[in-house]
Amino acid sequence: MAGVLGLALLSPLMASDAEARELSVSTVLSDAFPWGQAAEKWAELVEERSGGDLTLRVYPNAQLVAGDQTKEFSAMRQGLIDLAVGSTINWSPQVPELNLFSLPFLMPDHAAIDALTQGESGKQVFAAIESKGIKPLAWGENGFREVSNSSKSITTPDDLKGLKIRVVGSPLFQDTFTALGANPTQMSWADAKPALTTGAVDGQENPLSVFDVARIDQVGQTHLTLWHYMADPLIFAANQRVWKSLSEQERTLLTETAREAGAWEIAMSREGNAQRLADIEARGVNVVKLDDDAMQAFRDATQSVYASWTPKIGEALVETARAEVEAS
Ligand code: X2X
């Protein structure tokens, strides 16, 4: 007991020393996925360049929030998590501006995603995160989210009617899938695969990398529609108190390595998509690619999401983003 107390009293001193220090990094997906690999790459670069003085320890599967991924941002703000590589979707309940990336069919391609994250929209989104007591450092990418289900080819909004679709615990997704006539059910990633396995839900939406690595085809998801309806960027970020406790040199190191790890992961994840799609098709999944006309029906059907969410995200930010996509 005395020993434990002694350590607790000593630790604030150690933090300001040049002593070795370990920081926790939360992620939802493990290093079997590009997302977890982004965090591991960050840890590797930090370890290398700090000569071991600073260590990042990655905790995947949202384990620091008992699997409840929509609590990750709050837990980081409270100091239960030091650092995170998190999805814009999972942090959007606490930072409304992050819903920007979830607006259906806002970003048609990778150039559009980059135009937002690297442009004025990205700056405004980072400012919003910072105003909530979290220091954002760099961007990564989960990817364009494609919809799958166990019963039929989805080629028109009508095909979604009545389908029970697992969505992430973010209210905008509820609205998008309701607008499309589907029956959305919010649940964590931890609960998603069991729900697909038992048939409690008919479908889900996730990037190709997640569909591929998690072997979603093995839980009866035999129909996959490529509709690129939205993509979730990842954000590397730090708790403000932890951030302020670091030396200038450590902050530079963390920022530079986060940027490098993010750029590396974005490129790697995009490059891998063609092979992933080939593998998914080879496993017998029926893949539907929508052409522009077919996509227009989905765009039209989801206009109500813009009407209800633009005021929450901010009119100016949505306008800025539209202009940046247009110019991309
Ligand atoms: O829960 C999901 O679908 C996942 C893994 O993609 C996210 O955390 C947003």
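Residues numbered from 1 in each chain as written. Predicted model: local features only at pLDDT ≥ 70, side-chain atom pairs only at ≥ 80, totals over all residues. Heavy atoms only, no water.

### What to know about the packing of aromatic side chains
So, step 1. All chains considered together, the criterion is met by ten aromatic pairs.
So, step 2. With 5.7 Å between their ring centres and 65° between their planes, Phe101 and Trp139 make a pair best called edge-to-face. On the criterion of sequence distance, the pair formed by Phe101 in the loop between helix H4 (88-91) and helix H5 (110-117) and Trp139 in strand S4 (residues 134-149) is long-range, its members being 38 residues apart.
So, step 3. Exposure remark for Phe101: the relative accessible area of 0% places this residue in the buried category. (Phe/Tyr/Trp six-rings, centres within 6.5 Å; stacked < 30°, edge-to-face > 60°. Helix = DSSP H or I, 4+ residues; strand = E, 2+ residues; numbered from the N terminus. Buried < 20%, exposed > 50% of the residue type's maximum accessible area, 1.4 Å probe, protein only.)

### A short note on the site of the ligand
So, step 1. Around the ligand, 13 residues are found, and the nearest of them are Gln69, Asn90, Arg145, Arg166 and Asn206.
So, step 2. For the ligand, an oxygen atom lies 3.2 Å from a polar atom in the side chain of Asn142.
So, step 3. Residue Arg145 places a side-chain N or O atom 2.9 Å away from an oxygen atom belonging to the ligand.
So, step 4. Relative to its free-state accessible area of 270 Å², the ligand is covered by the protein chains to the extent of 100%.
So, step 5. In the shell around the ligand, the residues fall into five nonpolar, five polar and three charged. (Near = heavy atom within 4 Å. Polar contact = N/O pair within 3.5 Å; in protein donor to acceptor, adjacent residues only side chain to side chain. Areas by Shrake-Rupley, 256 points an atom, 1.4 Å probe, with all protein chains shown as cover. Nonpolar A, V, L, I, M, F, W, Y, C, P; charged D, E, K, R; others polar.)

### Some thoughts on the packing of helix H7 (residues 171-179) against helix H13 (residues 303-313)
So, step 1. As a packed pair, H7 and H13 sit with axes 9 Å apart at the nearest point and diverge in direction by 150°. The angle between H7 and H13 falls in the class roughly antiparallel. The two elements H7 and H13 meet at a crossing, and its hand is right-handed. When H7 is examined against H13, the residues Pro171, Leu172, Asp175, Thr176 and Ala179 are found in contact with a partner set consisting of Ser304, Val305, Ser308 and Trp309. (Axes fitted to C-alpha atoms, helices over the stretch in contact; angles between N-to-C directions. Parallel < 35°, antiparallel > 145°, perpendicular 65-115°, else oblique. Left-handed = near helix turned anticlockwise from the far one by under 90°. Contact = heavy atoms within 4.5 Å.)

### Side note on H13
So, step 1. Those residues of H13 lying buried are Val305, Tyr306, Trp309, Thr310 and Ile313. Here the buried residues of H13 occupy an arc of 120° about the axis, which is enough to place them on one side. Looking at H13, the residues exposed on the side facing more than 90 degrees away from the buried face are Ala307 and Pro311.
So, step 2. The inward-facing, buried residues of H13 abut H7 and helix H14 (315-327).
So, step 3. Looking at the residues trailing H13, positive phi occurs at Gly314, about 115°. (Arc of directions from axis to C-beta.)

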